[in-house]
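Report on the structure
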Amino acid sequence: MTGVNHSWIAQLLQFERHGDVFVTTPPPNGPVPRLFGGLIAAQSLGAAGATVEPDKLPQSLHLYFVRGGRYGVDVELHVERTRDGRSFDTRRVTAVQEGAVILEMIASFHTPEPGADEHPAPPPSLHLSEARPKNSDFGFASLFQIRTRPEDDSVFAVPPFWIRTREEIEDDPLIRACTLAFVSDFGPVPVARPTGVPLEDGTAYAASLDHSVWFHRPFVPHDWHRYEVHRLNVGDSRGLVHGSLYDAGGALIATTTQEALWRV
């Protein structure tokens with residue numbers, strides 16, 4: 001993806017391309033030593049999407065964080081064209097940094113089809129009118145406006161929270177889906193932590209292990225969305241969570257799952 005005056009996410013999706021190998025350089029530094037998982041997930045989806053026809057939109061992605069990536073070091077995104085079908089295309093992406101695999105992802109792309117459009121509509125656990133602005137300089141927080149529960153005193157934000165980009169994102173389905181993939185990695189890890197473990201540096205070791213996203217409806221990043229994340233299981237030093245992203249009208253935009261490692 002090339003051009004000028006692009007949004008921050010579009011700039012992150014500008015690759016040096018060699019066939020189906022896409023090269024990108026992460027920012028020079030980040031809030032923690034390891035590369036933010038949402039960043040490499042968004043870039044992997046962007047590379048995969050660059051190899052399918054534009055009428056096929058992201059349907060889902062499933063990825064494993066194999067090892068921690070580093071900021072400021074080139075990442076090679078190797079795209080495998082697993083299948084090109086009439087309605088669905090499947091792609092596999094292997095992210096490599098300094099010769100070592102840091103992520104494996106499989107993604108599906110689907111041509112939109114007419115049909116039923118329905119989903120359960122549970123009441124929100126946090127209304128936008130009751131949420132409070134969260135001022136955080138942690139990581140990529142400056143790119144977003146975030147509103148959380150009044151009692152949330154975490155460094156970043158613990159779901160449920162409301163979030164939107166500070167600037168408008170291009171009206172491009174792939175770029176907006178990559179923005180959603182980026183946002184979806186905010187919040188699952190702290191929800192997956194064992195009961196009683198504080199969110200403070202040095203109290204435990206935590207890392208994302210795997211992550212999935214299902215894209216249900218169009219995502220408008222600069223509109224308010226509510227991210228609900230619920231813990232499903234904790235055991236064997238792992239926590240599993242389930243997330244739902246809703247727009248302000250209550251429509252289910254995406255569903256996520258993530259398992260995180262928590263060593264106390």
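Structural notes, computed from the coordinates. (Residues numbered from 1 in each chain as written. Predicted model: local features only at pLDDT ≥ 70, side-chain atom pairs only at ≥ 80, totals over all residues. Heavy atoms only, no water.)

Section: unusual backbone geometry
Following Pro159, the chain continues into Pro160 via a peptide bond in cis, with omega recorded as 5°. Here Pro160 lies in the loop between β8 (144-148) and β9 (161-165). Located in the positive-phi region is Glu98, a residue other than glycine, with phi close to 50°. In this fold, Glu98 is placed in the loop between β5 (88-97) and β6 (100-110). Non-glycine residue Asp236 carries a positive phi angle of around 55°. For Asp236, the location among the structural elements is in the loop between β11 (225-235) and β12 (238-247). (Helix = DSSP H or I, 4+ residues; strand = E, 2+ residues; numbered from the N terminus.)

As for the pattern of salt bridges
Taken as a whole and judged by the stated rule, the model has twelve salt bridges. The salt bridge involving Arg91 is made with Asp84; its shortest N-O contact spans 2.7 Å. Salt-bridge contacts for Arg238 lead to Asp236; the nearest nitrogen and oxygen are separated by 2.8 Å. Each of Arg17, Asp20 and Arg81 takes part in one network of salt bridges that share partners. (Salt bridge = Lys/Arg side-chain N within 4 Å of Asp/Glu carboxyl O.)

Concerning the environment of Asp137
If you trace the backbone, Asp137 turns up in the loop between β7 (132-133) and β8. Accessibility expressed as a relative area gives 75% for Asp137, which makes it exposed. For Asp137 and Thr25, which are 112 residues apart along the polypeptide, the C-alpha to C-alpha distance reads 22 Å. (Buried < 20%, exposed > 50% of the residue type's maximum accessible area, 1.4 Å probe, protein only.)

Concerning the pairing of strand β10 (residues 205-215)
A large share of β10 lies buried, amounting to eight of its eleven residues. Sheet topology note: the strand β3 (residues 57-65)/β10 ladder contains five bridges and is antiparallel. Bridging across to β10, His62 finds its partner in Ser212. Alignment of β10 against strand β13 (residues 252-263), held across ten bridges, turns out to be antiparallel. The residue bridging Val213 from the neighbouring strand is Thr256, located in β13. (Pairing = 2+ DSSP bridges.)

What to know about helix α2 (residues 37-49)
The end-to-end C-alpha distance of α2 is 18 Å, a good match for the 18 Å that 13 residues give at a rise of 1.5 Å each. Of all 13 residues in α2, 13 are buried, a share of seventy percent or more. (Expected span 1.5 Å × (residues − 1).)

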